[in-house]
Amino acid sequence: MKELIFGLIGGTALLMYGVDKMGEGLEKASGPMMKKMLSFFTGRVWSAFLVGIVLTVLVQSSTAITVLTVGFVNAGLMKLPNAVGIIYGANIGTTITAQLMAFSFKFKLTEIALPILGVGFSIAYFAKNKTAKNIGDALMGFGMMFLGLKILNSGIPFMKESETLRFFFENYAAIPLIGILLGAVATALVHSSAATVGLVMVLGQAGLISLDTAILIMLGDNIGTCITAQLASLTGNIHARRTAWAHTLYNIFGVLMVAIIFTPFVWLIETATSYMAVTFGFGSGIEAQIANSHTLFNIVSAIIFLPITKYYVAFLEKFIKSKGHDDDYRIQYLNKLLLDNPSSAFRASMSEIIRSAEIAKKMVIHTMEGLYGHEPKKLELVHKDELILNSLQRDITAYIVEISKRSLSDDESVMVPSMVNVINYIERIGDRSEDLVDLITVAQDRNIKFSHNALTGLKELEDMVMNMYNDAIQAMMDGDIERAKETCKIEIEVDELSKKLADAHLVRLEQNKCSVEAGVIYLDIVTNFERIGDHIYKLCLNLINGLQGSAKEDRAQA
């Protein structure tokens, strides 16, 4: 019994660690290509589906691909329908690990576990190239996985003799709900459906579970694997939460469908496995049936869902709702999962900066609506937006600082201070809006009126500054250096118009056409708009700097 317990503990640990290390090594080795494929080759649902299969086969971790997909959606780098397509594919790609395990039972791959482990260690230890080291780590993981299976297999005779284990699996795990729950909990705890499927194969080999029970646990595995994506989405925006739920509900719907047609599904697995054994010489034992059930379940789910993806996405958008006002204060595009890929992290930062710029723009608009229409509620909105803007500035700055701690090229390093300065100038535009609100509130409380000419001049200045700001935001959205340069030139016109309005108002003061108090407030309003123009100008200068660095980096990668 002691040998059985120690073998189960050590073998399971090696199996889990091996699957994890193999996936991590493959993910790092193919990291740049993987992230490029995720961000550039997922334009349609079908292409996203194929990319999901290919990438998961490469990295052997649907969890890694799904979590990264949540990060991309959270950063605004991918749309929900494309993310759903990747999830379909990732669920199929991850079944290759189970097929390898089943293959090892027939062809005794467990016997070469130690040599593979040794080769992997040699490569990882002696190689100078980073990619080669990662491949060495992946081979070590591969060897550990099969070594863990070998240790577990050695315990099969003891398992067969254990009446306690047999009683549990025959009387409890065979109950559909308990079997599914067992698989879900086990996979949620180890964050790897491949590891739990491997354990199920060993139990099947020991004769402790039937194919029906194994399939029930496998169905639970598919639900349990969703927990990591759910955890990754907790700090994300509504789009990230919808992506995580897309993964979870997809697997739950699939499990329910198979549960309804359970008996025909088991028959299909047995028939398909026998046919493949006769035709192609594949294994025909229960381990092959378990691996095939894992693969076929995910293929059937994808076939059913692919044609109705549009409706599935509509369903998610309708039922997975925003958390309301609290979401205004949350970052929507930044995700820690992207930090190891600086180019994606910078793009996510820019998306959040653009969102901040739109909030600051809304603040200016509400300020002037409050002035022209005497609407105090518009002025109250400015104070609320200022709190949001300050919160976003802190979060964006902290995120960019985290990017700066990664290994960056010279051009990427230039982008760090540029982007921090851009968000700082946007926050200062928000501060100017608050200053304007204070001035307008004083004017309204004291019933100070501005002349028609004074208000006409202010409207002209506002339009010029807002056109300048709109161009700056568009330059950020398009990554347009030329538009940013053209926007900088407008600052001279803003200065000239501000001076013209100030001079005109001094004339009205001399002619006693307005009070001194009205004149002071009016000139302060003009000065604040002139300073908003200055902030936009400096924002654009830093934007040009950052965009030039980004353009150089893109050319270098190409």
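In case you missed it, the structure is sitting above this.
Summary of the structure given here. (Residues numbered from 1 in each chain as written. Predicted model: local features only at pLDDT ≥ 70, side-chain atom pairs only at ≥ 80, totals over all residues. Heavy atoms only, no water.)

Topic: the overall build of the protein
So, point 1. From N to C terminus, the protein includes 24 helices and zero strands.
So, point 2. Looking at the 558 residues of the protein, the share that counts as buried comes to 53%.
So, point 3. When the accessible surface of the protein is totalled, it reaches about 25,000 Å², and 62% of it is carbon and sulfur. (Helix = DSSP H or I, 4+ residues; strand = E, 2+ residues; numbered from the N terminus. Buried < 20%, exposed > 50% of the residue type's maximum accessible area, 1.4 Å probe, protein only. Areas by Shrake-Rupley, 256 points an atom, 1.4 Å probe, with all protein chains shown as cover.)

Re helix 19 (residues 342-373)
So, point 1. Taking 1.5 Å per residue as the helical rise, helix 19 with its 32 residues ought to reach 46 Å, and the 46 Å between its terminal C-alpha atoms agrees with that figure.
So, point 2. Among the 32 residues of helix 19, 24 are classified as buried, and the element is accordingly described as predominantly covered. (Expected span 1.5 Å × (residues − 1).)

A few points about the packing of helix 15 (residues 238-260) against helix 17 (residues 286-305)
Think of two packed helices as two axes; the pair is described by the angle between the axes and how far apart they sit.
So, point 1. The contact between helix 15 and helix 17 brings their axes to 10 Å, and the two run at 105°. Considering their axes alone, helix 15 and helix 17 lie roughly perpendicular with respect to each other. Where helix 15 abuts helix 17, its residues Tyr250, Asn251, Phe253, Gly254, Val255, Met257 and Val258 lie against Phe297, Asn298, Ser301, Ala302, Ile304 and Phe305.
So, point 2. Looking at side-chain class alone, the contact of helix 15 with helix 17 contains nine nonpolar, four polar and no charged residues. (Axes fitted to C-alpha atoms, helices over the stretch in contact; angles between N-to-C directions. Parallel < 35°, antiparallel > 145°, perpendicular 65-115°, else oblique. Contact = heavy atoms within 4.5 Å. Nonpolar A, V, L, I, M, F, W, Y, C, P; charged D, E, K, R; others polar.)

Focus on a nonpolar patch on the surface
So, point 1. A surface patch of nonpolar side chains, about 560 Å² in accessible area, is lined by Phe167, Phe168, Tyr172, Ile175, Leu177 and Ile178.
So, point 2. In terms of residue count, the dominant contributor to the nonpolar patch is helix 10 (residues 163-173) (three residues).
So, point 3. Among the structural elements, Ile178 can be located in helix 11 (residues 176-190). (Patch = residues over 30% accessible without salt bridge, like charges linked within 9 Å, V, L, I, M, F, W, Y side chains within 5 Å. Salt bridge = Lys/Arg side-chain N within 4 Å of Asp/Glu carboxyl O.)

Observations concerning the pattern of salt bridges
So, point 1. Applying the stated criterion across every chain, the model contains 13 salt bridges.
So, point 2. Between Glu486 and Lys489 there is a salt bridge, with the nearest N and O atoms lying 3.1 Å from each other. Of this pair, Glu486 and Lys489 both sit in helix 23 (residues 481-510), three residues apart, roughly one helical turn.
So, point 3. You can call Glu486 partly exposed: its relative accessible area is 45%.

Considering helix 22 (residues 452-478)
So, point 1. Here helix 22 is 27 residues long and its end C-alpha atoms lie 39 Å apart, about the 39 Å a rise of 1.5 Å per residue gives.
So, point 2. Positive backbone phi, approximately 65°, marks Gly479, located one or two places after helix 22.

Some words on the packing of aromatic side chains
So, point 1. All chains considered together, the criterion is met by twelve aromatic pairs.
So, point 2. With centroids separated by 5.0 Å and ring planes inclined at 85°, the aromatic side chains of Tyr125 and Phe126 adopt a geometry described as edge-to-face.
So, point 3. Their ring planes at 10° and their centres at 6.2 Å tell us that Phe253 and Phe305 sit as a pair that is stacked. One end of the pair, Phe253, is in helix 15; the other, Phe305, is in helix 17, and 52 residues separate them in sequence.
So, point 4. Under the relative-accessibility criterion, Phe253 is labelled partly exposed at 28%. (Phe/Tyr/Trp six-rings, centres within 6.5 Å; stacked < 30°, edge-to-face > 60°.)

Observations regarding unusual backbone geometry
So, point 1. Look at Asn447: it is not a glycine, yet its phi comes out positive at around 55°.
So, point 2. By the secondary structure assignment, Asn447 is in the loop between helix 21 (410-445) and helix 22.
So, point 3. Asn447 sits in the exposed class, given a relative accessible area of 54%.

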